[in-house]
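Below are the chains, spelled out letter by letter.
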Amino acid sequence: MDDKSIMENILLTTKGVIDLYMHGAVESPTGNVRQTFSTALNDALTMQSGIYSQMSSHGWYSTEQASQQQIQQVKQKYSCPNC
């Protein structure tokens, strides 16, 4: 397995962990549990950012800038005309 594949797997795993921590924080029955999940979520988000940065620096994870037209289309699609 090459470095790119390893990093992709780590990123996918981290994203899954983030999803679990986020749901744990949202569904927490007490403040202490919510705080624990929130702290873990923030740590995982920091880790994900570092992984993304490393992948991006190697050209393994590129993003595309949205055009103004694309942004406007999404805004119109999700706008609330009666709000």
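Residues numbered from 1 in each chain as written. Predicted model: local features only at pLDDT ≥ 70, side-chain atom pairs only at ≥ 80, totals over all residues. Heavy atoms only, no water.

A.B. asks: I keep staring at the overall build of the chain and nothing clicks. Help me out?
C.D. replies: If you tally the helices and strands in the chain, you get 3 helices and 0 strands. Relative to its full complement of 83 residues, the chain shows a buried share of 14%. Residue pairs in contact within the chain that sit at least 24 positions apart in sequence constitute 58% of those at least 6 positions apart. For the chain, the computed accessible surface area is about 6600 Å², with 54% contributed by carbon and sulfur atoms. Taking the 5 positively charged and 7 negatively charged side chains of the chain as two groups, their mean positions are separated by 12 Å. (Helix = DSSP H or I, 4+ residues; strand = E, 2+ residues; numbered from the N terminus. Buried < 20%, exposed > 50% of the residue type's maximum accessible area, 1.4 Å probe, protein only. Contact = heavy atoms within 4.5 Å. Areas by Shrake-Rupley, 256 points an atom, 1.4 Å probe, with all protein chains shown as cover. Lys, Arg positive; Asp, Glu negative; His and termini not counted. Charge placed at Lys NZ, Arg CZ, Asp CG, Glu CD.)

A.B. asks: Looking at this model, I keep getting lost on the packing of aromatic side chains. Mind explaining?
C.D. replies: The way to describe two aromatic rings as a pair is by their centre distance and the angle between their planes. In the structure shown here, the tally under the stated rule is 2 aromatic pairs. Geometrically, the ring pair formed by Y52 and Y61 is edge-to-face, given 5.1 Å between the ring centres and 85° between the ring planes. Taking relative accessible area as the criterion, Y61 reaches 28% and is therefore assigned partly exposed. (Phe/Tyr/Trp six-rings, centres within 6.5 Å; stacked < 30°, edge-to-face > 60°.)

A.B. asks: How do you make sense of a nonpolar patch on the surface when you look at a structure like this?
C.D. replies: A cluster of nonpolar side chains, M1, I6 and I10, forms an exposed patch at the surface whose accessible area comes to about 310 Å². The topology assignment puts M1 in the segment before α1 (3-27). (Patch = residues over 30% accessible without salt bridge, like charges linked within 9 Å, V, L, I, M, F, W, Y side chains within 5 Å. Salt bridge = Lys/Arg side-chain N within 4 Å of Asp/Glu carboxyl O.)

A.B. asks: Mind showing me how you'd approach the side chain of S28 here?
C.D. replies: Mapped onto the secondary structure, S28 falls in the loop between α1 and α2 (31-57). Classification of S28 by relative accessible area gives buried; the value is 7%. Separated by 2.5 Å, the side chain of S28 and the backbone oxygen of G24 make a polar contact. In this structure the side chain of S28 is engaged in a polar contact, spanning 3.5 Å, whose partner is the backbone oxygen of A25. Apart from residues lying up to four places away in sequence, S28 is in contact with V33, R34 and F37. (Polar contact = N/O pair within 3.5 Å; in protein donor to acceptor, adjacent residues only side chain to side chain.)

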